[in-house]
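Descriptive analysis of the structure
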Amino acid sequence: MTAGRPTTDAQTSARMSRQRRVGTKPETELRKELHRRGCRFFVDRAPVRGLRRRADLVFPRRKVAVYVDGCFWHCCPEHATYPKNNAQWWADKLAGNVARDRDTDARLADAGWLVVRVWEHEPAAAAADRVQAALSGR
């Protein structure tokens with residue numbers, strides 16, 4: 001990645017500062033659906049001690065970590081968009097996010113965890129089905 005953050009106008013800076021990291025609409029919909037189905041989990045927790053990467057939902061007894069990935073931030077194959085302003089900086093930033101995701105998946109797998117990645121555009125019921133299938137397989 002490039003060394004410094006690019007300069008942005010005040011309007012863009014204000015908009016980006018309002019981006020939520022926890023409790024996004026897709027995440028809360030998935031949590032509600034899983035809770036309705038009787039699943040209990042931890043929210044926004046590091047699955048493995050010492051790994052500074054927090055999962056959106058963690059099922060520690062089953063060793064399942066669920067990440068709800070935003071289409072923009074994690075380069076969804078269907079909905080990814082790339083900003084025109086500061087294009088190279090954003091390309092490096094988004095590629096770094098994807099590389100970190102793959103590294104997280106590998107580290108958790110090495111520690112015996114199963115990672116479920118859900119895209120923000122997936123319906124909550126379908127995502128909950130995938131999570132439950134992962135849980136029942138453990």
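All chains use their own residue numbering, which begins from 1 and follows the written sequence. Thresholds applied to this predicted model are a pLDDT of at least 70 for local features of residues and 80 or more for the giving and counting of side-chain atom pairs; totals over whole chains, interfaces and linings are not thresholded and use all residues. Just so you know, side-chain values use all the structure's heavy atoms and leave hydrogens and water out.

**Section: the overall build of the protein chain**
Helix and strand counts for the protein chain come out as 4 helices and 4 strands. Order of helices (α) and strands (β) in the protein chain, N terminus to C terminus: α-α-β-β-β-α-β-α. Exposure classes here rest on a 1.4 Å probe applied to the protein chains alone. A residue is buried below 20% of its type maximum, exposed above 50%, and partly exposed in between. Relative to its 138 residues, the protein chain shows a buried fraction of 33%. Contact between two residues is taken to exist if any of their heavy atoms lie within 4.5 Å; hydrogens are not considered. Taking all contacts inside the protein chain whose residues are at least 6 apart in sequence as the whole, residues at least 24 apart take part in 59%. Throughout, the Shrake-Rupley method with a 1.4 Å probe supplies accessible areas, and for residues the shown protein chains are the sole cover considered. Accessible surface computed for the protein chain: about 8,800 Å², of which carbon and sulfur atoms make up 49%. The way it works is that DSSP assigns letters per residue, a run of H or I at least four long becomes a helix, a run of E at least two long becomes a strand, and they are numbered from the N terminus.

**Describing the environment of threonine 104**
Within the secondary structure layout, threonine 104 lies in helix α3 (residues 87-110). Linking threonine 104 and arginine 54, residues 50 residues apart in sequence, is a C-alpha distance of 9.7 Å. Whenever two N or O atoms come within 3.5 Å, that pair is a polar contact, provided that in protein one can donate a hydrogen and the other can accept it, and provided that, for residues adjacent in sequence, both atoms are side-chain atoms. One polar contact links threonine 104 to arginine 53, side chain to side chain, over a distance of 3.0 Å.

**Focus: the pairing of strand β4 (residues 114-119)**
Two strands pair when backbone bridges link them, and strand β3 (residues 64-69) and β4 are joined in this way by 6 bridges, in the parallel orientation. When the sheet's bridge partners are listed, valine 66 is paired in β4 with valine 116. Orienting the strands away from the viewer, one traces the path from the first strand over the helix to the second; a clockwise path indicates a right-handed crossover. Between the parallel elements β3 and β4, the chain passes through α3 in a crossover that is right-handed. Two strands pair if DSSP finds at least two bridges between them.

**Some points on α3**
Expected helix span is taken as 1.5 Å per residue step, with the number of steps being one fewer than the number of residues. Compared with the 34 Å implied by 1.5 Å per residue over 24 residues, the 35 Å span of α3 between its first and last C-alpha is a close match. After α3 finishes, the residue glycine 112 shows a positive phi value of roughly 90°.

**A word on the nonpolar core**
Among buried residues, the Ala, Val, Leu, Ile, Met, Phe, Trp, Tyr and Cys ones that are joined through side-chain atoms within 4.5 Å form a nonpolar core. Formed by 16 residues in total, the largest nonpolar core has its most connected members in Leu30, Leu34, Leu57, Phe59, Val66, Val116 and Val131. Counting only elements with at least two residues in this core, the list comes to α2 (25-36), β2 (55-59), β3, β4 and α4 (124-136). If one sorts the elements of this core by residue count, α4 sits on top with 5 residues. Excluding residues within four positions of it along the chain, valine 131 makes contact with Leu34, Phe59, Val66 and Val116. Leu51, Ala55, Tyr67 and Trp113 belong to the second largest nonpolar core, which has 7 residues in total.

**With respect to the packing of aromatic side chains**
For Phe, Tyr and Trp, where Trp contributes only its six-membered ring, two rings pair if their centres lie within 6.5 Å, and the inter-plane angle classes them as stacked under 30 degrees, edge-to-face over 60, or tilted in between. Counted according to the given criterion, the structure contains 5 aromatic pairs. Arranged with centres 4.9 Å apart and planes meeting at 90°, the rings of tryptophan 89 and tryptophan 90 form a pair that is edge-to-face. Accessibility expressed as a relative area gives 17% for tryptophan 89, which makes it buried. Clustering of aromatic rings is evident, with ring pairs tying together Phe72, Trp73, Trp89 and Trp90. Lysine NZ or arginine CZ positioned within 6 Å of the ring centre and within 35 degrees of the ring normal marks a charge as sitting over the ring. A cation sits over an aromatic face here: arginine 45 above phenylalanine 42, 3.9 Å from the ring centre. It is arginine 117 that lies over the ring of tyrosine 67; its NZ or CZ is 4.3 Å from the centre.

**Looking at α4**
Given a rise of 1.5 Å per residue, 13 residues ought to cover 18 Å, and the 18 Å separating the end C-alpha atoms of α4 matches this to within 8%. Of all the positions in α4, only Ala124, Ala127, Ala128, Val131, Ala134 and Leu135 are classed as buried. The buried side chains of α4 occupy one side of the element, clustering within an arc of 120° when seen end-on. Residues of α4 that are buried sit in contact with α2, β2, β3 and β4. The directions from the helix axis to the C-beta atoms are what the arc is built from.

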